[in-house]
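Residues per chain are reported as follows:
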Amino acid sequence: MNSVMTLAKAVATKDLRTEFRSRVVTNQVLPFAGVVLLLFAFAIDSDSTLARVSSGLVWMTTLFSMLLITQRSFDLETADGALDALRVAGADMRGVFVGKSGALIAQLLALDIVLFFLAVILFRVEPPAAGLGLLVVTTVLAAATLGLIGVTYGGLAAKAKGRETLLPLLILPVVAPVVIAATRATESALGVGGRKVSEGWPWTGLLGFTAVAFAVVGLFAFPALIEE
Amino acid sequence: MSTLAAADGVAATTPTGTRFTKYLGAFTLAGVALLLLLGLVSTPADQNQGDSVRIMYVHVPTAWIAYLAFVVTAIASAMYLFRSAHSISWDRIAGASAEIGVLYMALTLITGSLWGRLTWGVFWEWDARLTTTAFLFVTYIGYLAVRRLGGTHDQRAKRSAIVALLAVLEIPLVHFSVRIWASLHQEPTVLRAGDVKMDGLMLFTLFWGVVTFTLMFVWLVVHRQRVITMEDAIESLGLDTALEARRREGQTV
């Protein structure tokens, strides 16, 4: 187990360092996410409706961004045959799964913090202090679930031709419960539509359950998908 | 053609049917004819739904058999993954069953939309069971896309088996979502224990629809998995032929 965690730490550090140096997330994914939020505002074109649906828009934007980050994360690995090299070296692929998930979750969390600030400014959302705890828990759990799902299916599509189109087809149906639960919990945290903070906590249970399920499934499935 | 047959034990010139499948096919077609007669002529119109209730004789069986098809895919995938032999036949059954399941689920969604327009006044309602069924449909389209990723037959079998086992986890969500979320969708009428409200002939027609569509499913899966076997044989032969050609080139140089 120690070797798994050591490898996970090395992979996560490598992924985050690569992103920090290349600045693709900050220079490309973040502006993309901002433009998506702006375009949502153009499409909906109503201040009251925007405030009402802001939670869902933030999570949809996170989802689109997650697809981009996941694809980039595996593009880097496959371009130089790094995954094959790790496999030949006898590395435990569960460590790679944990490490890549950790790095992806960290990037999604950073992205979500910026997106919520943008939502406050653009959509005139005013988060009440009472909902702050729920908002933090929801964001952490939703980012974790999205990250775990992204890496599980990213591993499957890593070596596939046409993975750019395959990955969304595989991931989008699976993340539906995450989008529903994260949106409802966020609406409760923000008090949208008169929802109470207490109404949001059960949704975090669903998020937690999904996160644990995909962590377990990913640990078993990812090595098998990579080793073929 | 004879080389192909020798290469992988499959006679490409032989049709995929056998005596058993011919009888099965004939019985299925007779079943469809009887279902049409029962559904369109013999059974009465419903007191509330009118003639639109006749859509149920296709909608309900296709929905049930689509779920069954996805369960067959999951079981066949598990048999491939967890049995030491890793027989590729299980993978072919899984693939064939998923294809027919997607076809049936498309029929379910189309007939459900038509019934919804006549009964609710809209083609689509954002109801939990309906929406999740649509997600399930897309999930298995993704599964079929994964099957076409290429690589060796064993690679295809392994990766698609894992995806099938991931995908089947959604079925309980579909089935029980109607109880979890508030729903406009028609409550289950047949499976509610001790509360069957249908006319006897209507219930028999529904039952006959399930029998007919089940036979059709088995018939189609048997043929389809034999076609997949032949496709695999052709691919293997193509590879063997290419390798042989390269070897000959090497010898002549």
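Residues numbered from 1 in each chain as written. Chains lettered and ligands numbered in written order. Predicted model: local features only at pLDDT ≥ 70, side-chain atom pairs only at ≥ 80, totals over all residues. Heavy atoms only, no water.

J.: Help me out: how do you make sense of the overall build of chain A in this one?
T.: Of the regular secondary structure elements, chain A holds 9 helices and 0 strands. Against the compact-globule benchmark of 17 Å for 228 residues, chain A has a radius of gyration of 18 Å, which places it among compact chains. Referenced to the eigenvectors of the C-alpha coordinate spread, the extents of chain A come out at roughly 55 × 30 × 30 Å. Out of the 228 residues in chain A, the part that is buried amounts to 49%. (Helix = DSSP H or I, 4+ residues; strand = E, 2+ residues; numbered from the N terminus. Rg over C-alpha atoms; globule rule 2.2 N^0.38 Å. Buried < 20%, exposed > 50% of the residue type's maximum accessible area, 1.4 Å probe, protein only.)

J.: Help me understand the packing of helix 2 (residues 24-44) of chain A against helix 3 (residues 47-79) of chain A, please; the structure alone is not making it clear to me.
T.: When two helices pack together, their arrangement is captured by the angle between the axes and the distance separating the axes. Residue and element names in this part refer to chain A. Viewed as axis vectors pointing N to C, helix 2 and helix 3 meet at an angle of 145°, and their least axial separation amounts to 9 Å. Between helix 2 and helix 3 the crossing geometry is right-handed. Listed contacts from helix 3 to Val24, Val29, Phe32, Ala33, Val36, Leu37, Phe40, Ala41 and Ile44 of helix 2 are Thr49, Leu50, Val53, Leu57, Val58, Met60, Thr61, Phe64, Ser65, Leu68, Ile69 and Arg72. When grouped by side-chain class, the residues that make up the contact of helix 2 with helix 3 number 17 nonpolar, 3 polar and 1 charged. (Axes fitted to C-alpha atoms, helices over the stretch in contact; angles between N-to-C directions. Left-handed = near helix turned anticlockwise from the far one by under 90°. Contact = heavy atoms within 4.5 Å. Nonpolar A, V, L, I, M, F, W, Y, C, P; charged D, E, K, R; others polar.)

J.: Quick question: what am I supposed to make of the packing of helix 3 of chain A against helix 6 (residues 132-157) of chain A here?
T.: Residues and elements named next belong to chain A. Where helix 3 meets helix 6, the axes come as close as 10 Å, and the angle between the chain directions of the two elements is 40°. By the angle between their axes, helix 3 is oblique relative to helix 6. Once helix 3 is placed against helix 6, the crossing between them reads as right-handed. Residue-level contacts link Trp59, Thr62, Leu63, Met66, Thr70 and Phe74 of helix 3 to Thr138, Thr139, Ala142, Leu146, Gly150, Val151, Gly154 and Gly155 of helix 6. (Parallel < 35°, antiparallel > 145°, perpendicular 65-115°, else oblique.)

J.: Just to check I follow, could you spell out the nonpolar core for this structure?
T.: Counting residues in each nonpolar core, the largest one holds 115 residues, and the members touching the most others are Tyr153 of chain A together with Tyr140 of chain B. Excluding its chain neighbours within four sequence positions, the residues that come into contact with Tyr153 of chain A are Leu167, Leu170, Ile171, Val174 and Phe214 of chain A together with Leu166 of chain B. (Core = buried A, V, L, I, M, F, W, Y, C linked by side-chain atoms within 4.5 Å.)

J.: Explanation requested: the environment of Val32 of chain B in the structure shown.
T.: All names here are of chain B. Note that Val32 resides in helix 2 (residues 19-42). Classification of Val32 as partly exposed rests on a relative accessible area of 26%. Spatially, the C-alpha atom of Val32 lies 39 Å from that of Gln155, the residues being 123 residues apart in sequence. Ignoring any residue separated from it by four or fewer positions in sequence, one finds Val32 in contact with Thr212 and Met216.

J.: So what exactly am I meant to see when it comes to the interface of chain B and chain A here?
T.: Size of an interface: often given as the accessible area lost when the parts come together. The interface of chain B with chain A comprises 17 residues on the first partner and 18 residues on the second. Across the chain B to chain A interface the summed buried area is about 1500 Å²; carbon plus sulfur atoms make up 80%. Of all residues in chain B, the largest losses of buried area upon contact with chain A belong to Leu149, Ile162 and Leu166 of chain B, amounting jointly to 32% of the total for that side. Our count for the contact surface shared by chain B and chain A stands at 0 salt bridges. (Buried area = accessible area lost by both parts, 1.4 Å probe. Salt bridge = Lys/Arg side-chain N within 4 Å of Asp/Glu carboxyl O.)

J.: Just checking my understanding: could you explain the environment of Ser55 of chain A for this structure?
T.: Topologically, Ser55 of chain A is positioned in helix 3. For Ser55 of chain A and Ile149 of chain A, which are 94 residues apart along the polypeptide, the C-alpha to C-alpha distance reads 21 Å.

J.: Teacher, can you tell me more about a nonpolar patch on the surface here?
T.: All names here are of chain A. Taken together, the side chains of Val35, Leu38, Leu39, Phe42, Val120, Ile121 and Leu122 define a hydrophobic patch exposed on the protein surface, amounting to about 650 Å² of accessible area. No other element matches the 4 residues that helix 2 contributes to the nonpolar patch. Examined against the element boundaries, Leu39 turns out to sit in helix 2. (Patch = residues over 30% accessible without salt bridge, like charges linked within 9 Å, V, L, I, M, F, W, Y side chains within 5 Å. Areas by Shrake-Rupley, 256 points an atom, 1.4 Å probe, with all protein chains shown as cover.)

J.: Just to check I follow, could you spell out the confidence of the model for chain B for this structure?
T.: Detail in the predicted coordinates should be disregarded across regions flagged by low pLDDT. Residue and element names in this part refer to chain B. Residues of chain B with pLDDT of at least 70 account for 82%, and the chain-wide mean is 82. When pLDDT is averaged over each element of chain B, helix 4 (residues 88-119) comes out on top at 94 and helix 1 (residues 2-8) at the bottom at 47. Note on residues 1-8: pLDDT is under 50 here. Beyond four places in sequence and across chains, it has 15 contacts. For the stretch residues 176-185, pLDDT sits under 50, and the model shows 18 contacts to residues farther than four places along the chain or on other chains. The complex model carries a pTM of 0.84, and its ipTM stands at 0.83. (pLDDT = per-residue confidence, 0-100.)

J.: What is the right way to look at the pattern of salt bridges in this model?
T.: When their charged atoms lie close together, side chains carrying opposite charge are able to pair. Residues and elements named next belong to chain B. Summed over the entire model, instances satisfying the criterion amount to 20 salt bridges over all chains. A salt bridge links Arg147 to Asp91; the nearest nitrogen and oxygen atoms lie 2.9 Å apart. With Arg147 in helix 5 (residues 128-147) and Asp91 in helix 4, this residue pair connects regions lying 56 residues apart in the sequence. As a salt-bridge pair, Arg224 and Glu231 come within 3.5 Å of each other at their nearest N and O atoms.

J.: Even after reading the chapter, I still don't get the side chain of Thr62 of chain A, so can you show me in this structure?
T.: Residue and element names in this part refer to chain A. With respect to the secondary-structure elements, Thr62 resides in helix 3. For Thr62, the side chain forms a polar contact with the main-chain oxygen of Val58, separated by 2.8 Å. Those residues in contact with Thr62, other than ones at most four positions away along the chain, are Leu108, Asp112, Leu115 and Leu146. (Polar contact = N/O pair within 3.5 Å; in protein donor to acceptor, adjacent residues only side chain to side chain.)

J.: Explain the packing of aromatic side chains to me, please; I cannot follow it from the model alone.
T.: Aromatic ring pairs are described here by two measures, namely the spacing of the ring centres and the angle between the planes. The full count for this structure, using the stated rule, is 10 aromatic pairs over all chains. With a centroid separation of 6.3 Å and 20° between ring planes, the pair formed by Phe204 of chain B and Trp208 of chain B is classed as stacked. With a gap of 4 residues between them, Phe204 of chain B and Trp208 of chain B both fall in helix 8 (residues 200-252), about one helical turn apart. What makes Trp208 of chain B buried here is its relative accessible area of 16%. For Arg23 of chain A, the ring lying beneath its charged end belongs to Phe20 of chain A, and the centroid distance is 4.8 Å. (Phe/Tyr/Trp six-rings, centres within 6.5 Å; stacked < 30°, edge-to-face > 60°. Lys NZ or Arg CZ within 6 Å of the ring centre and 35° of its normal.)

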